[in-house]
Amino acid sequence: MGGPNRVTYTVEIEDGVQLVGGPETFATDVSTILTDPRGWIGDKQHGFQRVDSGKPDLRIRLTSQMTTRDVCGFAIPFEGSCVNGDNVTINVTRWVRGAVSFQGALAEYKQYVVNHEVGHGLGYDHKSCQENGALAPVMMQQSWGVSNDYLAALGTDRVSKDGKVCKPNAWPYPTGR
């Protein structure tokens, strides 16, 4: 392939969503995550460019809990984020609180949720824990857990109960390529 596939994106925050540090902190975090060599650019097939006009490939949106439920559904009663078409919807509740599986590492959780949801926007599906004790694939539903048995009990993505438990991981290429 002759260089990376350029993906354009916007960063949007729903009216009324408040963040410590203001809305620009979300935009800065997203841009930093998308340009990190451990991220999707690590495969040399993807590149990202923020745009503020025109029709972007992805709209990365930070939304309220209720808007996220409207967009993503709530079949499994946990706070989640999702991709619907070109809309990458990130739940502000998760953004400010993280997830139990990340054991209080909020910065890592933010990296994970952006990489995971943008991964869907790039066409990647969910994965299960492949090797007990290894880093979880970034496309594993780590917001809900890093145990295949737990995810299987929730009935998500045909994950099989096999006893495998991974460690939280925020990156598609955590050790670089």
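Residues numbered from 1 in each chain as written. Predicted model: local features only at pLDDT ≥ 70, side-chain atom pairs only at ≥ 80, totals over all residues. Heavy atoms only, no water.

**Concerning the sheet that holds strand β5 (residues 87-91)**
Reading across from one edge, β2-β1-β3-β5-β4 is the order of the five strands in this open sheet, with mixed pairing throughout. Two strands bound the open sheet, and with one partner strand each, they are β2 (46-50) and β4 (82-84). Across the sheet, the axes of successive neighbouring strands diverge by a mean angle of 30 degrees, strand direction being ignored. Sitting on the sheet, helix α1 (residues 23-34) is in contact with β1 (5-13), β2, β3 (58-63) and β5, with an inclination near 160 degrees to β1. Sheet contacts for helix α2 (residues 65-72): β3, β4 and β5; angle to β5, the most-contacted strand, approximately 140 degrees. (Pairing = 2+ DSSP bridges. Helix = DSSP H or I, 4+ residues; strand = E, 2+ residues; numbered from the N terminus. Axes fitted to C-alpha atoms, helices over the stretch in contact; angles between N-to-C directions. Contact = heavy atoms within 4.5 Å.)

**Remarks on the side chain of T63**
By the secondary structure assignment, T63 is in strand β3. Residue classification places T63 among the buried residues on the basis of a relative accessible area of 1%. What T63 contacts, discounting residues up to four positions off in sequence, is E14, V17, T68, T89, I90, N91 and V92. (Buried < 20%, exposed > 50% of the residue type's maximum accessible area, 1.4 Å probe, protein only.)

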